[in-house]
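What follows is the residue order along each chain.
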Amino acid sequence: MIELEKDYDSRKTEEKWLARWLEQKAYHSEPARGGKPYTIAIPPPNVTGILHMGHALNCTIQDILVRWRRMQGLNTIWIPGTDHAGIATQNVVERSLAAEKKTRNDLGRDAFIERVWQWKEQYGSTIINQLKRIGSSCDWQRERFTMDKGLSDAVAEAFVQLYDKGLIYRGSRIINWCPRCQTALSDEESEHRDSAGKLYHIRYPVKGGAAGEFVVVATTRPETMLGDTAVAVSPDDPRYKDLIGKTLILPILNREIPVIADSFVDPAFGTGAVKVTPAHDPNDFDIAGRHGLKHINILTPDAKMNAEAGPYAGLDRFVCRKQLVADLEAGGLLEKIVDHSHAVGHCYRCNTVVEPRLSPQWFVKMKPLAAPAIDAVKQGKIVFVPDRWTKVYLEWMENIRDWCISRQIWWGHRIPVFYCQACGHEWAAKCVPQKCPKCAGDKIRQDEDVLDTWFSSWLWPFSTLGWPEKNKDLDFYYPTDDLVTASEIIFFWVARMIMAGFEFMGDVPFRRVYIHGTVRDDKGRKMSKSLGNSIDPLAVINDFSADALRFSLTMLTATGQDVYVSNEKFTLGRNFGTKLWNAARFIQMQSKDSLDTARAGIPSEEGMAVLQKNGVALSPDDQHILYLLRDTVAACNDNLDKCRFNDAAHVLYEFVWHQYCDWYVEYSKSVLYEAQQDRREHVLRVIHYLFSNVLRLLHPFMPFITEELWLAMGYGAEGGTISFAPWPAVVDDKRLADWGIHKTTVDYVDDKYDLIRTGRTLRSDYTIQPSRKIAYIVRPVSPECAAALKSDMESVLQLMRAEKVDILHDFAPVKAMPSGVCKLGTVFMPLDGLIDVQAETARLQKQKEKIEADLARVTAKLENPAFANKAPKEIVGQLEQKRKELLEEIAKYVRQIEALA
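Residues numbered from 1 in each chain as written. Predicted model: local features only at pLDDT ≥ 70, side-chain atom pairs only at ≥ 80, totals over all residues. Heavy atoms only, no water.

1. Notes on the overall build of the protein chain
Thought 1: Secondary structure assignment for the protein chain yields 31 helices and 29 strands.
Thought 2: Expressed along its principal axes, the backbone C-alpha trace of the protein chain runs to roughly 110 × 80 × 55 Å.
Thought 3: Here the protein chain, with 901 residues, has 56% of them falling under the buried criterion.
Thought 4: Summarising the internal contacts of the protein chain: among those between residues at least 6 apart in sequence, 77% fall at separations of at least 24.
Thought 5: Accessible surface computed for the protein chain: about 39,000 Å², of which carbon and sulfur atoms make up 50%.
Thought 6: Charge centroids of the protein chain, computed over 114 positive and 119 negative side chains, lie 2 Å from each other. (Helix = DSSP H or I, 4+ residues; strand = E, 2+ residues; numbered from the N terminus. Buried < 20%, exposed > 50% of the residue type's maximum accessible area, 1.4 Å probe, protein only. Contact = heavy atoms within 4.5 Å. Areas by Shrake-Rupley, 256 points an atom, 1.4 Å probe, with all protein chains shown as cover. Lys, Arg positive; Asp, Glu negative; His and termini not counted. Charge placed at Lys NZ, Arg CZ, Asp CG, Glu CD.)

See below:
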């Protein structure tokens, strides 16, 4: 064994083991190792990213699964990597250019891309290094980047296959346009947020109508009226039957537009008449297609009004809105403005309000791809945890729309479509061609756009394993097993990966999807820089340790529920680590240099065989803790298998802190300090057996401290790692019986601990110091209980901190005496000579009066009709519960005072 220092230095330990794991390539594996594979592909963080609490939670959960499966003997790989994050990365580099008073256009495309690569080489590994700091046991030799050569080849292959099948096409459709990023966005990249806006009611004059004859339309975006080509009404709306087919005059521009009937129009919205702006609204685009209407684009790429906007050309869209509304009002064409809350799309990268805009873009036809992905989930080939996400996934997939995959930026995978300038031929190819395949001309132009970032990441589960090349990795490790991710990217990424898996691999990409909750502050707000409520995981690591971060997050994370954290909550993990460290130091102090004793505790069969060979029977406390260990291993397995990570952590916390440390270690002290050598050696072997199991069970949750203690306790071979130590097995009942462990004895010990808690409560009620040895009397409920207690008296005395415990069947106190009832009988605590009765009575009376005053205040409030009739029910309920608790406290003080009288 290696002697442990008094205090645990987490920073020193983490630096040491991280360096050693990386140096030894501890987590790399190959198909040649054989066995059953277990694969996870990390959700690749953006190369621009830095570690936030969501990453910490996500990677902790994955690491728990990976370390657990690795210790179970599976051939495990966890594939790490980063995403090139097209828009985000380009924005970062463009900001650095702006500081030099330059733009990307000043550099040109090739030089700008080279500049982005330089940035990536300098800063792109930041988040990977941070993931290493929290102990992520990825196969770092397999690290991938979505723009590296292998993944770029996969992107080109996927595009060409889909293009040649007719599943990729170019067309002019309404897309979400970010004026700041100057690019198209997919529907999922336009985040809709409820905003307090206005509904503008505008009068459209009827051509040839009587003076003052108008059709009033309501709109939230009045500036888009400049692109109107019709006004639509419901064919079933009696208010407008006579207007259908007539002509209106578009205000300000005086353009003639028709009144059309379309069943899409909701008569109950606004005035029942809606403006049709085909180039700036997806629904209007569909209406225009049904009625043959013209499309008029009124916006420039940076959201300024173009020449089609007439007198407003050159104005920013929101400036135009203000000016246009003023002009309408001046012309008597604005009927009213009302407050109106509605969902407004924002760019998911820069927060700019997006514009629906008619634009020629590249699209993927999604319905043919969605069909097998829907069936896979319905048939249970892929399972969502929690199950409620299955419905969300299916609803989206069954109503899926074509995916806009082109982006008007430079950083990313350039669309591999080429145009012959001689004959006009268009085709897709993986490599840049030298000649046109149709006319052999050499004047070839590549499409200017790049692909949506998600086009590369939807291939992630198999492109990271070498697809489209056939190799042993792909054959052995695909499909992957678990995907751990957040709900907000089910549509961005999860659904698309499932579609890609079937399209390109003919199989599911993973078998289970665990959706974890969002990390929020303790007030329930989502963490963000703008709110200033973010907690830096690296600061938590520095202040508390990586293990404390991981264990605390896991304890707080109920399956699929949001996680509420504050800095104070990480003390839970730190204190638990300290408890574990001190438990190890206690064992070392008792074991000294007894390495043989330590090593006998490692394999369960060997450890218990040594105990049996020595012929020393297991005590009731031995049997109890070993039985609970078996149950703990089983519960941990079950919870991990069902993705109930917090339940697994709670089970381990309860066993280690309360069962092992609070009960068994306390019991062992009487043996270790006073008993004969053979009995002492016996208890040490049990302790080492327990502790070696505890370290293995905790390793997936707290890798650094468990690795340190595994080596220091002498459980692992020099140069070895706990990461590959065998996961504890669940011992069956027959084997327990062979070891001399009986359920009746285990149940007795549970009852004994209840008796001891009763005695400790009596001591506490009368403020008797825990260190003071006192006498108790127990009146047992049966002769069997009496016999069990008498035969186990050494343990009872130790745990009750008593100088003696008399077992008296017919005990009846001659005067009132503090007592408590438990399953084994009634515990009495004689007070003679223990306390100053007069002083203690005064203390209890004072406490009782304080509680009575509190009760009076609560009762007065509840009996006040003004409060009871107006306060929320939950507040009244809380006060009623408080009153009940105060009454119980008073009754308790009355009993205590009577016992002293």
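2. Remarks on helix H9 (residues 317–330)
Thought 1: The terminal C-alpha atoms of H9, which comprises 14 residues, lie 20 Å apart, in line with the 20 Å expected from a rise of 1.5 Å per residue.
Thought 2: Arg317, Cys320, Arg321, Leu324, Val325 and Leu328 are the residues of H9 that are buried. The arc that holds the buried residues of H9, viewed along the axis, is 130°, so those residues lie on one side. Exposed residues lying more than 90 degrees from the buried face of H9 are Lys322, Glu329 and Ala330.
Thought 3: Where the residues of H9 are buried, they touch strand S7 (190–205), strand S13 (334–347) and strand S14 (355–364).
Thought 4: For H9, the N-terminal capping position is held by Asp316, with its side-chain oxygen 2.9 Å away from the main-chain nitrogen of Phe318.
Thought 5: One or two residues past the end of H9 sits Gly332, with phi positive at roughly 70°. (Expected span 1.5 Å × (residues − 1). Arc of directions from axis to C-beta. Polar contact = N/O pair within 3.5 Å; in protein donor to acceptor, adjacent residues only side chain to side chain.)

3. Here we look at the packing of helix H10 (residues 367–378) against helix H11 (residues 388–398)
Thought 1: Taken N-terminus to C-terminus, the directions of H10 and H11 make an angle of 155°; their axes are 10 Å apart at the nearest point. Between H10 and H11, the angle falls in the class roughly antiparallel. Where H10 crosses over H11, the two elements pack in a sense that is left-handed. Contacts between H10 and H11 pair Lys367, Ala370, Ala373, Ile374, Val377 and Lys378 from the former with Thr390, Tyr393, Leu394, Met397 and Glu398 from the latter.
Thought 2: Looking at the contact of H10 with H11 residue by residue, the class counts come to seven nonpolar, one polar and three charged. (Axes fitted to C-alpha atoms, helices over the stretch in contact; angles between N-to-C directions. Parallel < 35°, antiparallel > 145°, perpendicular 65-115°, else oblique. Left-handed = near helix turned anticlockwise from the far one by under 90°. Nonpolar A, V, L, I, M, F, W, Y, C, P; charged D, E, K, R; others polar.)

4. A short note on the nonpolar core
Thought 1: Residues Met53, Phe159, Tyr393, Met397, Phe455, Tyr660 and Phe691 are the most contacted members of the largest nonpolar core, which totals 218 residues.
Thought 2: When residues of this core are assigned to their parent elements, the largest contribution, 16 residues, is made by helix H22 (residues 645–674).
Thought 3: Sequence-distant contacts of Phe455, defined by excluding residues within four places in its chain, comprise Val155, Ala158, Phe159, Leu162, Ile168, Val364, Trp403 and Ile405.
Thought 4: Counting 29 residues, the second largest nonpolar core, distinct from the first, contains Tyr200, Leu299, Tyr312 and Cys320. (Core = buried A, V, L, I, M, F, W, Y, C linked by side-chain atoms within 4.5 Å.)

5. Quick look at empty space enclosed by the protein
Thought 1: Tallying each qualifying case throughout the model produces three cavities of 30 Å³ or more.
Thought 2: The biggest single contributor to the lining of the largest cavity is helix H1 (residues 10–23), with three residues.
Thought 3: For the lining of the largest cavity, a count of residues per class yields seven nonpolar, five polar and two charged.
Thought 4: Space inside the second largest cavity adds up to approximately 70 Å³.
Thought 5: What lines the second largest cavity is a set of 10 residues, and nearest its centre among them are Leu629, Arg630, Tyr689, Ala729 and Val731.
Thought 6: Per element, the largest residue contribution to the lining of the second largest cavity is four residues, and it comes from helix H21 (residues 620–641).
Thought 7: Classifying every residue of the lining of the second largest cavity by side-chain character gives seven nonpolar, two polar and one charged. (1 Å grid on protein atoms, 1.4 Å probe; cavity = no way out; pocket = protein on both sides within 12 Å on 5 of 7 lines; lining within 4 Å. Points joined across faces, edges and corners; volume = space filled by probe spheres on them.)

6. Remarks on the environment of Phe145
Thought 1: Relative to the assigned elements, Phe145 resides in strand S4 (residues 144–145).
Thought 2: When residues no more than four places from it in sequence are discounted, the contact partners of Phe145 are Val47, Thr82, Asp83, His84, Trp117, Lys120, Leu151 and Trp411.

7. Notes on the pattern of salt bridges
Thought 1: For the structure on display, the rule yields 56 salt bridges.
Thought 2: A salt bridge links Glu191 to Arg193; the nearest nitrogen and oxygen atoms lie 3.4 Å apart.
Thought 3: Exposure remark for Arg193: the relative accessible area of 31% places this residue in the partly exposed category.
Thought 4: Between Arg644 and Asp647 there is a salt bridge, and its shortest N-O distance comes to 3.4 Å.
Thought 5: Taking the relative accessible area as the measure of exposure, Arg644 reaches 26% and is therefore partly exposed. (Salt bridge = Lys/Arg side-chain N within 4 Å of Asp/Glu carboxyl O.)

8. With respect to the pairing of S14
Thought 1: Of all 10 residues that make up S14, nine are buried, and the element is covered over most of its length.
Thought 2: Across 10 bridges, strand S5 (residues 168–178) lies against S14 in antiparallel orientation. The residue of S14 that forms the bridge with Ile175 is Arg357.
Thought 3: As paired elements, S14 and strand S16 (residues 403–404) share two bridges and run antiparallel to each other. Among the inter-strand pairings, Val364 is bridged to a residue of S16, identified as Trp403. (Pairing = 2+ DSSP bridges.)

9. Structural notes on the packing of aromatic side chains
One pair of aromatic rings is described through two measures. These are the centre distance and the angle between the planes.
Thought 1: All chains considered together, the criterion is met by 39 aromatic pairs.
Thought 2: Judged by centre distance (4.7 Å) and plane angle (15°), the ring pair of Phe551 and Phe576 falls under stacked. Of the two residues, Phe551 sits in helix H17 (residues 546–556) while Phe576 sits in helix H18 (residues 571–591), which places them 25 residues apart along the sequence. The residues Phe551 and Phe576 share a single accessibility class, namely buried.
Thought 3: Three or more aromatic residues joined by ring pairs make a cluster, and in this case those are Phe159, Tyr163, Trp362, Trp403, Phe455, Trp458, Phe462, Trp467, Tyr478 and Phe504. (Phe/Tyr/Trp six-rings, centres within 6.5 Å; stacked < 30°, edge-to-face > 60°.)

10. Examining the side chain of Asp622
Thought 1: Mapped onto the secondary structure, Asp622 falls in helix H21.
Thought 2: Asp622 gets classed as buried once you look at its relative accessible area, which sits at 0%.
Thought 3: When residues no more than four places from it in sequence are discounted, the contact partners of Asp622 are Tyr664, Tyr667, Arg679, His682 and Val686.

11. As for the sheet that holds strand S20 (residues 444–446)
Strand pairing in a sheet takes place through backbone hydrogen bonds and is either antiparallel or parallel in direction.
Thought 1: The strand order across the open sheet formed by three strands is S19-S18-S20, and the pairing between neighbours is antiparallel. Lying at the two open borders of the sheet, with one neighbouring strand each, are strand S19 (426–428) and S20. Strand-to-strand twist across the sheet, computed as the mean angle between neighbouring axes with direction ignored, equals 30°.
Thought 2: In terms of strand pairing, strand S18 (residues 417–420) meets S19 through three bridges, oriented antiparallel. The partner of Phe418 across the bridge, within S19, is Trp427.

12. Section: the packing of helix H16 (residues 537–544) against H17
Thought 1: Taken N-terminus to C-terminus, the directions of H16 and H17 make an angle of 115°; their axes are 7 Å apart at the nearest point. Classified by the interaxial angle, the pair formed by H16 and H17 is roughly perpendicular. Counting all contacts with H16, which are made through Pro537, Val540, Ile541 and Phe544, the residues of H17 involved are Ala546, Ala548 and Leu549.
Thought 2: Looking at the contact of H16 with H17, its residues break down into seven nonpolar, no polar and no charged.

Limitation: the analysis is restricted to geometry and does not speak to function.
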